Structures are given as C-alpha cells and as structure tokens.
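Chains, contacts and geometry: an overview
If you want the building blocks of each chain, they are given just below.
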Amino acid sequence: MSGFRQKCIGFERVVGTFSAIPHPVAVEVTAAAGLDFLCIDWEHSQIGRERIEDLIRAADVHQVPAMVRVPGHTPEWVASVLDAGAAGVLVPRVSTAAQAQAAVMATRYPPVGERGVGPGRASGYGYRIPDYLNSANKNLVLAIQVETAEGLANIDEIVKVEGVDVIFIGPGDLSVSIDAMGPAGAEKLNAAIEKITSRARAAGKAVGIFRPSADDVGKWANAGISFFMLASDTMFLGASLAAGAAAARTAK
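Residues numbered from 1 in each chain as written. Predicted model: local features only at pLDDT ≥ 70, side-chain atom pairs only at ≥ 80, totals over all residues. Heavy atoms only, no water.

Some remarks on the environment of alanine 84
You can see alanine 84 is positioned in the loop between α4 (75–83) and β4 (88–91). Given a relative accessible area of 6%, alanine 84 falls into the buried group. For the pair alanine 84 and tyrosine 125, spaced 41 residues apart in sequence, the C-alpha to C-alpha distance is 9.5 Å. (Helix = DSSP H or I, 4+ residues; strand = E, 2+ residues; numbered from the N terminus. Buried < 20%, exposed > 50% of the residue type's maximum accessible area, 1.4 Å probe, protein only.)

A closer look at the packing of aromatic side chains
Aromatic ring pairs: the centre-centre distance and the angle between the two ring planes describe each pair. For the coordinates displayed, the defined rule picks out six aromatic pairs. Each member of the aromatic cluster is reached from another via a ring pair, and the members are Phe4, Phe37, Phe168 and Phe227. (Phe/Tyr/Trp six-rings, centres within 6.5 Å; stacked < 30°, edge-to-face > 60°.)

Observations concerning the nonpolar core
Nonpolar side chains in soluble globular proteins tend to be buried together. In terms of nonpolar packing, the biggest core is built from 57 residues, with Val68, Val81, Ile144 and Ile167 touching the most fellow members. Counting 16 residues, the second-largest nonpolar core is a separate cluster that includes Cys8, Phe37, Val141 and Ala143. (Core = buried A, V, L, I, M, F, W, Y, C linked by side-chain atoms within 4.5 Å.)

Describing the sheet that holds strand β1 (residues 14–19)
Taken together, eight strands build a closed barrel; the order of strands is β1-β2-β3-β4-β5-β6-β7-β8 and the barrel is parallel. For this sheet the average axis-to-axis angle between neighbouring strands, irrespective of direction, equals 25°. Along the sheet, helix α10 (residues 186–202) makes contact with β5 (141–146), β6 (166–169) and β7 (206–211), crossing β6 at roughly 180°. (Pairing = 2+ DSSP bridges. Axes fitted to C-alpha atoms, helices over the stretch in contact; angles between N-to-C directions. Contact = heavy atoms within 4.5 Å.)

What to know about the side chain of glutamate 147
Mapped onto the fold, glutamate 147 is located in the loop between β5 and α7 (149–153). Buried within the structure, glutamate 147 lacks any salt-bridge partner; its nearest side chain of opposite charge belongs to arginine 93, at an N-O separation of 4.9 Å. Engagement of the side chain of glutamate 147 in a polar contact is seen with the backbone nitrogen of arginine 93, the distance being 2.7 Å. With residues up to four places along the chain from it excluded, the contact list for glutamate 147 reads Pro92, Arg93, Gly170, Asp173, Leu174 and Ser177. (Lys, Arg positive; Asp, Glu negative; His and termini not counted. Salt bridge = Lys/Arg side-chain N within 4 Å of Asp/Glu carboxyl O. Polar contact = N/O pair within 3.5 Å; in protein donor to acceptor, adjacent residues only side chain to side chain.)

Focus on helix α2 (residues 24–31)
Residues Pro24, Ala26, Val27, Thr30 and Ala31 constitute the buried set of α2. Angularly, the buried residues of α2 cover 160° about the axis, an arc narrow enough to put them on a single face. Exposed side of α2, more than 90 degrees from the buried face: Val25 and Val29 are the residues found there. Elements that come into contact with the buried residues of α2 comprise β1, β2 (37–41), α3 (49–61) and α12 (233–250). (Arc of directions from axis to C-beta.)

Re the pattern of salt bridges
One pass over the full model with this rule turns up 12 salt bridges. Note that arginine 5 and aspartate 165 form a salt bridge whose closest N and O atoms lie 2.9 Å from each other. Of this pair, arginine 5 sits in helix α1 (residues 4–9) while aspartate 165 sits in the loop between α8 (155–158) and β6, and the two are 160 residues apart along the sequence. Aspartate 165 carries the same exposure label as arginine 5, and that label is buried. Between arginine 211 and aspartate 216 there is a salt bridge, with its nearest N and O atoms 2.8 Å apart. For arginine 211, a relative accessible area of 14% corresponds to the buried category. The structure contains a network of salt bridges with shared partners spanning Asp41, Glu43, Arg69 and Arg93.

Observations concerning the pairing of β1
Buried residues dominate β1, accounting for five of its six residues. Relative to β2, β1 runs parallel, the two sharing four bridges. Along β2, the bridge assignment pairs serine 19 with isoleucine 40. Handedness of the β-α-β unit built from β1, α2 and β2 comes out right-handed. (Right-handed = clockwise from strand over helix to strand, strands pointing away.)

Some thoughts on α3
Listing the buried residues of α3 in full gives Ile52, Leu55, Ile56, Ala58 and Ala59. The buried residues of α3 occupy an angular sector of 155° when the element is viewed end-on, so they sit on one face. Within α3, the exposed residues directed more than 90 degrees away from the buried face are Glu50 and Val61. On the buried face of α3, the contacting elements are α2, β2, β3 (66–69) and α4. One or two steps after α3, the chain reaches glutamine 63, where phi turns positive at roughly 55°.

Here's the deal with the side chain of threonine 96
Within the secondary structure, threonine 96 is located in the loop between β4 and α5 (97–107). In this structure the side chain of threonine 96 is engaged in a polar contact, spanning 3.1 Å, whose partner is the backbone nitrogen of glutamine 99. Not counting residues within four places of it along the chain, the set of residues in contact with threonine 96 comprises Glu150, Asn154 and Ile158.

Okay, here's the thing in structure tokens:
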C-alpha cells in the first residue's frame, strides 16, 4: 500500500468512497469491490475514535488503503488515526494557508512537521518504530478539503503550502458558502471548482473531488482532477436497494 501516495501525487486516477457505516463488515465488503482506496468518515458519520482502528484493520484485509476524514484541525485527532494505521487523512474546512500548514505539521514527523512518536498499531505497537519513522513521511497522504468562500479566495496561497498532497474540493459545502446551490448556481459552482483545480495543478498539486455518482467523472478528469471520492457506502446501499425494489415491483 506504500504506492498509494505516489499514485496520488503522480496524478494517476484513483477512485474511492466514503465509509460511513461503523462496522468492519461494511468496510470489508467495500474494500473487496476493487476500489483504489476508501475514506472512513469520522467527520459526518456516527463513528467513534475507538472504532476507527478496527475499520482500518478491516480495509487491510484486502490491502486497500484506508484514509480517515478527521472531524477538524485538532492535531490529536490526526495523530490518533495515523497511529491506528491510516494511509492518510482528509482534513476538512481548510480555508487559509496557515490552516494548511498546520495540517502538514500534524501529519509529518520532524524535521518536516511536529507529529509525536507513539507505539500505536502503525508502528507495530512499538516493535517497528524505526521502520515506521523512516517511511511515514514518504507514504502518508495529506488531503485538505477546500469547501468555503474563504478557501476559494485564498486558494493561491493554500496551494503553495509544501507537504500538502491533494487539494480536495467539497462541492456541497462550497456551493452553500458561495451561494451557488441547486441548478441556478451550477455555473457559479463549476467556475469555482475550475478555479481551484487550475490553481492547484499549476502549483503541482493533485486535485480531488466528491461526486455522488460517476456520471461526470470524465468531465472533471479532463479538467485536471484525478482523485475521486465516489458517494459513500450508505449512498450505494440505499441506491442499490431502491433500484432492486423498484425492479421487483414492476417485474413481469
């Protein structure tokens, strides 16, 4: 799984999904589907900190990198999921270069950052600390989520922060923040997404985005986006069940 970061920063197209169901079985099923990665959603799902390690372990069964979207910018939250063995973190609501730099400091060991050394699962509970220290800064993925009007205004400074691997666009929150919700705001939202993408790619950063379906992935890939978070396990479960029920009711 050490090649995951190289794929991300090398602009290879990677496709993952949010894992919101707080049970290892759901993560195993999701990981077995052939995704490039998955992202455990600690921000918006009912997943407790003590459960995250089991969910990461479940993804490891199929050797699928498991990132974690942490609830906010607190360094202890970042450290806890990385110590549990996460392949990287997605930090939400990054609106300034200073916040982006703080995310770098929280995810990287010195001399690059300020992450503390602990005997967690990632380092073999202390048995492999030297090996982990030698590889963590090279292998862990840091994605920061730009999803506010302030982040859009500061995008030129944000993308210059060294140590950030992926600029991840959150269209839902961004549309609310810039008053571009619904069909009437589509043109304004698309322009914002295109601005973030062009600025990030010009700075040598990979760009990611959440999409509820794969319908327009090709469009955004052509615009320079390569890191796709496709819906979530709960969304796929609901859509599949709804489609199956509808088909069963009309079957002849």
